[in-house]
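Listed below, chain by chain, are the residues.
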Amino acid sequence: VLNTSSLFCFILMQSITHPLKIAIIGASGLAGQELIRLFQVSPFAYSLSLFASGRSAGKACPLSGQLYEPLDHFGQGEYDYTFLAIEDALAIALQPILLEKSRYVVDKSAAFRLHPDVPLVIPEVNGGVLSLGAPWVSSPNCTTTIACMALAPLHRAFGLKRVVAASYQSASGAGVRGLKELEAQVHCWSQGLETHSPEVFPQPLAFNVIPQVGAIGPGGISSEESKLLLEMRKILELKDLEVYSTCVRVPTLRAHGIAITAFFEKPLSIPAAAEAWGANPGLAVQLDGYATPLQASGSTLCHVGRVRQENDNAHTLSFFVVADQILKGASYNAYQIFEHLERLKKLNCEAII
Ligand SMILES: NC(=O)c1ccc[n+]([C@@H]2O[C@H](COP(=O)([O-])OP(=O)(O)OC[C@H]3O[C@@H](n4cnc5c(N)ncnc54)[C@H](OP(=O)(O)O)[C@@H]3O)[C@@H](O)[C@H]2O)c1
């Protein structure tokens, strides 16, 4: 077991011998900016290279003053870690050069999440699947991460059978453009101006609720609902898990909430659920209250509230979980994957169970 003082010594030694070379691709976006903030308060010694599109290249990062570089400069360097905060198609196109130039790639896109050779990791849930031999690691879909944080401890204790969920997903889940579209609609409404047709969301989002996140695919299931099912099965290693979800976009700026009813093999009580949740340091549980998206914004924790058992059914539990989807749903989770890999390097072993 690696205790805090030995990790500190390791970081100190590493900072003297070899500052880590870190690249962030998509550094000017919402997830990229949060990652830069996390590195700014990180104890690790590192040098950071920031890449963005031609729209941002040459401009200064508002957080560090460093200039964003165009993507074609990436091949000129060698990196210990590259974080991807870009869309799926670009991650796929860049894969060969990333594997050539970077020892590890931590990918926040959905491009390779379901690939059998790619670990799909939430460190508190399945950090044990991380290994120094796997150069490409995916960070799960934000809604999936938040749901799994609350469900995994319950699954370990009581055996998860089925999940029924409805999500309340903020505008920033669709990146800078999603956030700007909502802000522009609210501005137009407050000024009595005519709103432009929406470009990012399928309907106007201001003062509305849209029961569609991502494209609607076969069987009427949206891409977000499909991610929730398939990624949850992979992370929890439950290939037959039943997940019934409706993913909904709501006009909040930040943080995703999910109302969940879960069904278990074994009976459980609310105190027993609270005890199981207590084992996950990334959760903040309120048995007599709840957190809202505004309260969860800026927090790295997943906040569980409205805990109850309905219809006197001891095999079920209903609750509301909400978390900052840019932090725990993306950048903080990716940063934790990096920390975990650095711990593995220190231990020089293949996995921490
Ligand atoms: N937002 C969330 O809540 C969230 C949660 C989980 C996962 N993710 C995933 O994280 C990734 C980034 O999401 P985001 O919300 O941060 O998106 P975003 O705010 O739209 O930022 C996208 C980033 O990609 C860059 N980019 C776009 N085209 C590029 C190109 N051709 N070459 C180089 N860079 C390019 C943009 O640069 P410019 O600024 O120069 O255009 C920007 O830095 C996506 O895969 C998303 O699915 C996001």
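Residues numbered from 1 in each chain as written. Predicted model: local features only at pLDDT ≥ 70, side-chain atom pairs only at ≥ 80, totals over all residues. Heavy atoms only, no water.

(A) Highlighting unusual backbone geometry. Backbone geometry at Glu-237 places phi at a positive 55 degrees, although glycine is not the residue there. The topology assignment puts Glu-237 in the loop between α7 (223–236) and β8 (242–249). Despite not being glycine, Asn-311 has its phi angle at roughly 55 degrees, a positive value. One can find Asn-311 in the loop between β11 (302–308) and β12 (316–323). For Asn-311, a relative accessible area of 77% gives the class exposed. (Helix = DSSP H or I, 4+ residues; strand = E, 2+ residues; numbered from the N terminus. Buried < 20%, exposed > 50% of the residue type's maximum accessible area, 1.4 Å probe, protein only.)

(B) Representation of the side chain of Gln-336 in the model. Tracing the sequence through the fold places Gln-336 in helix α10 (residues 327–347). Not counting residues up to four positions away in its chain, the partners in contact with Gln-336 are Pro-123, Glu-124 and Lys-328. (Contact = heavy atoms within 4.5 Å.)

(C) Structural view of the nonpolar core. Membership of the largest hydrophobic core comes to 40 residues, with the highest contact counts inside it found for Met-232, Ile-260, Trp-277 and Phe-319. Among the elements of the structure, α5 (142–158), β7 (160–169), α7, β8, β9 (256–264), α8 (270–278), β11 and β12 are those that each provide at least two residues to this core. The biggest single contributor to this core is α5, with 9 residues. Discounting chain neighbours no more than four positions away, the residues touching Trp-277 are Ala-150, Pro-153, Leu-154, Leu-283, Val-285, Val-304, Val-307, Leu-317 and Phe-319. By size, the runner-up hydrophobic cluster in this structure holds 29 residues, among which are Ile-24, Tyr-68, Tyr-81 and Val-137. (Core = buried A, V, L, I, M, F, W, Y, C linked by side-chain atoms within 4.5 Å.)

(D) Local environment of the site of the ligand. Neighbouring the ligand are 26 residues; Ser-28, Ala-31, Ser-53, Ser-56 and Ile-86 lie closest to it. Between an oxygen atom of the ligand and a main-chain N or O atom of Gly-26, the distance comes to 3.2 Å. One nitrogen or oxygen atom from the main chain of Ile-86 is found 2.6 Å from an oxygen atom belonging to the ligand. For the ligand, whose accessible area on its own is 900 Å², the fraction buried by protein is 78%. (Near = heavy atom within 4 Å. Polar contact = N/O pair within 3.5 Å; in protein donor to acceptor, adjacent residues only side chain to side chain. Areas by Shrake-Rupley, 256 points an atom, 1.4 Å probe, with all protein chains shown as cover.)

(E) Here's a closer look at the packing of helix α2 (residues 30–40) against α10. α10 packs onto α2 with a crossing angle of 45 degrees between their chain directions and a minimal axis gap of 9 Å. Considered as vectors, α2 and α10 are oriented oblique to each other. Both α2 and α10 take part in a crossing whose hand is right-handed. Contact residues: α2 offers Ala-31, Glu-34, Leu-35, Leu-38 and Phe-39, while α10 offers Leu-327, Ala-330, Ser-331, Tyr-332, Tyr-335 and Phe-338. Looking at the contact of α2 with α10, its residues break down into 9 nonpolar, 1 polar and 1 charged. (Axes fitted to C-alpha atoms, helices over the stretch in contact; angles between N-to-C directions. Parallel < 35°, antiparallel > 145°, perpendicular 65-115°, else oblique. Left-handed = near helix turned anticlockwise from the far one by under 90°. Nonpolar A, V, L, I, M, F, W, Y, C, P; charged D, E, K, R; others polar.)

(F) Examining the sheet that holds strand β5 (residues 102–107) more closely. Reading across the sheet, the 6 strands line up as β3-β2-β1-β4-β5-β6 and stay open at both edges, with parallel pairing between neighbours. Two strands close off the open sheet at either side, each with one partner strand: β3 (69–70) and β6 (136–138). The pairing of strand β2 (residues 46–52) with β3 spans 2 bridges and is parallel. By the bridge assignment, Phe-51 is partnered in β3 with Glu-69. α10 contacts β1 (20–25), β4 (79–84), β5 and β6 of the sheet and is inclined by roughly 160 degrees relative to β4. (Pairing = 2+ DSSP bridges.)

(G) View of the state of the cysteines. In total, this model carries 0 disulfides according to the counting rule given. The structure places no disulfide on Cys-148, whose sulfur is separated from the nearest cysteine sulfur, that of Cys-302, by 10 Å. (Disulfide = S-S within 2.5 Å.)

(H) Summary view of the pattern of salt bridges. Per the stated rule, a full pass over the model turns up 10 salt bridges. With its nearest N and O atoms 3.7 Å apart, the salt bridge here joins Lys-101 to Glu-78. Here Lys-101, found in helix α3 (residues 88–101), pairs with Glu-78, found in the loop between β3 and β4; they are 23 residues apart in sequence, far enough to count as distant. Given a relative accessible area of 15%, Lys-101 falls into the buried group. (Salt bridge = Lys/Arg side-chain N within 4 Å of Asp/Glu carboxyl O.)

(I) Geometry of the packing of α5 against α8. Contact geometry of α5 with α8 gives a least axis separation of 8 Å together with a crossing angle of 115 degrees. Taken together, the axis directions place α5 and α8 in an arrangement best described as roughly perpendicular. Considering only the axes of α5 and α8, their crossing is right-handed. Contacts from Ala-150, Pro-153, Leu-154, Ala-157 and Phe-158 of α5 reach α8 at Ala-272, Ala-273, Ala-276 and Trp-277. Within the contact of α5 with α8, the residues separate by chemical class into 9 nonpolar, no polar and no charged.

(J) Focus on the pairing of β5. Within β5, 5 of the 6 residues are buried, leaving the element largely enclosed by the surrounding structure. Of the strand pairs in this sheet, β4 and β5 are connected by 5 bridges, and their pairing is parallel. When the sheet's bridge partners are listed, Tyr-81 is paired in β5 with Tyr-104. Following the chain from β4 across α3 to the adjacent parallel β5, one finds a crossover that is right-handed. Note that β5 and β6 share 3 bridges and pair parallel. Of the residues in β6, the one forming a bridge with Val-105 is Trp-136. (Right-handed = clockwise from strand over helix to strand, strands pointing away.)

Nothing here speaks to function; it is geometry throughout.
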